[in-house]
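Descriptive analysis of the structure
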Amino acid sequence: MKTQYRLLSYTLGANTYGYGGERLLGIEQDREISKGDSCNTFIMNLPNHIGTHLECPNHFYNSGKKIYEYKMKDFIFSKPITLNCPKSPNELVSEDDIKKDYKRLKEADLLLLRTGFFRYRKTYKYGTENPGVAPEAARFIRKYLNNIKCVGIDTVSVSPYKNRELGRKTHRIFFKNNLKNEPVCLIEGMNLSGRLDNLKKVHVFPLFISDIDSSPCVALGILKNR
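The structure reproduced in this document is the subject of the present report. (Residues numbered from 1 in each chain as written. Predicted model: local features only at pLDDT ≥ 70, side-chain atom pairs only at ≥ 80, totals over all residues. Heavy atoms only, no water.)

Focus: the side chain of serine 159
- Along the polypeptide, serine 159 turns up in the loop between β10 (150-153) and α5 (164-175).
- Serine 159 sits in the buried class, given a relative accessible area of 5%.
- A polar side-chain atom of serine 159 sits 3.0 Å from a polar atom in the side chain of tyrosine 19.
- Look past the residues within four positions of serine 159 in its chain and what remains in contact with it is Tyr19, Asn130, Arg164, Gly167, Arg168 and His171. (Helix = DSSP H or I, 4+ residues; strand = E, 2+ residues; numbered from the N terminus. Buried < 20%, exposed > 50% of the residue type's maximum accessible area, 1.4 Å probe, protein only. Polar contact = N/O pair within 3.5 Å; in protein donor to acceptor, adjacent residues only side chain to side chain. Contact = heavy atoms within 4.5 Å.)

Here's what the structure looks like:
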């Protein structure tokens with residue numbers, strides 16, 4: 001078996017589109033060798049929900065865990081499963097989309113929802129017409145797929161920008177703390193292009209910053225090819 005590694009996250013840049021089509025990442029060069037400084041340094045204004053980012057329960061609940069309260073082992077997934085559910089702009093991943101692959105998903109610890117919307121990532125449309133996840137789908141995952149610790153998606157958010165109130169319900173269901181299983185974290189803005197049927201593990205590396213709800217992250221896929 002040949003091991004391959006693939007980034008399932010995107011490189012951040014000043015032109016990265018965020019939720020609502022905003023470009024909020026600011027980069028300013030602080031020191032420049034070409035101007036006589038001894039080194040190059042930069043100052044970044046880095047929103048914590050820009051690009052590929054890992055969301056934690058504190059995003060919607062003051063009592064929920066923040067990013068720095070997790071352990072690194074919490075973001076190492078040994079049973080990732082990709083669910084192909086092609087969606088048009090503003091469409092929702094439904095409960096039926098999850099149910100149709102219920103048996104296959106029962107053992108998953110990371111569910112990756114591939115809508116195909118990643119192809120619009122470099123356009124304004126990516127942040128304003130994104131597919132999302134229906135509250136009923138989130139509820140089904142929480143109730144019947146108890147091994148899932150995290151859900152990733154290839155859109156800017158599980159909350160469709162054109163239906164933000166619905167998106168808030170979806171977030172709250174994933175992050176709710178009084179169900180029988182632990183709250184489910186989210187990875188939004190993932191790069192789920194290409195073949196992923198041979199994906200064996202996923203390691204996610206967030207920025208562990210105290211006192212914030214969530215943070216940008218790098219997601220590394222480990223694939224096995226014969």
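Some words on the packing of aromatic side chains
- Applying the stated criterion to the full structure yields 9 aromatic pairs.
- Where phenylalanine 140 meets tyrosine 144, the ring centres are 4.8 Å apart and the plane angle is 45°; that geometry is what we call tilted. Of the two residues, phenylalanine 140 and tyrosine 144 are both situated in helix α4 (residues 135-144); the distance of 4 residues between them amounts to about one turn of the helix.
- The buried category is assigned to phenylalanine 140, whose relative accessible area is 8%.
- Counting every residue linked through ring pairs, the aromatic cluster contains Tyr70, Phe75 and Phe208.
- Its guanidinium or amino end placed over the ring of tyrosine 70, lysine 65 lies 4.1 Å from that ring's centre, counting from NZ or CZ.
- Over the ring of tyrosine 120 we find lysine 125; its NZ or CZ atom is 4.2 Å from the centre of that ring. (Phe/Tyr/Trp six-rings, centres within 6.5 Å; stacked < 30°, edge-to-face > 60°. Lys NZ or Arg CZ within 6 Å of the ring centre and 35° of its normal.)

Focus: empty space enclosed by the protein
- All told, the structure shown has 1 cavity of 30 Å³ or more when counted by the stated rule.
- Of the voids in this model, the largest cavity is the one considered here, and its volume is about 90 Å³.
- In this structure, the largest cavity is lined by 15 residues; those nearest its centre are Thr16, Tyr17, Gly51, Thr52 and Tyr126.
- Taken together, the residues of the lining of the largest cavity break down into 6 nonpolar, 8 polar and 1 charged. (1 Å grid on protein atoms, 1.4 Å probe; cavity = no way out; pocket = protein on both sides within 12 Å on 5 of 7 lines; lining within 4 Å. Points joined across faces, edges and corners; volume = space filled by probe spheres on them. Nonpolar A, V, L, I, M, F, W, Y, C, P; charged D, E, K, R; others polar.)

A word on unusual backbone geometry
- The phi dihedral of asparagine 90 falls on the positive side, at around 70°, and the residue is not glycine.
- Mapped onto the secondary structure, asparagine 90 falls in the loop between β6 (80-84) and β7 (92-93).
- Phi angles above zero are rare outside glycine, and aspartate 211 is one such case at about 70°.
- Among the structural elements, aspartate 211 can be located in the loop between β12 (199-206) and β13 (215-225).

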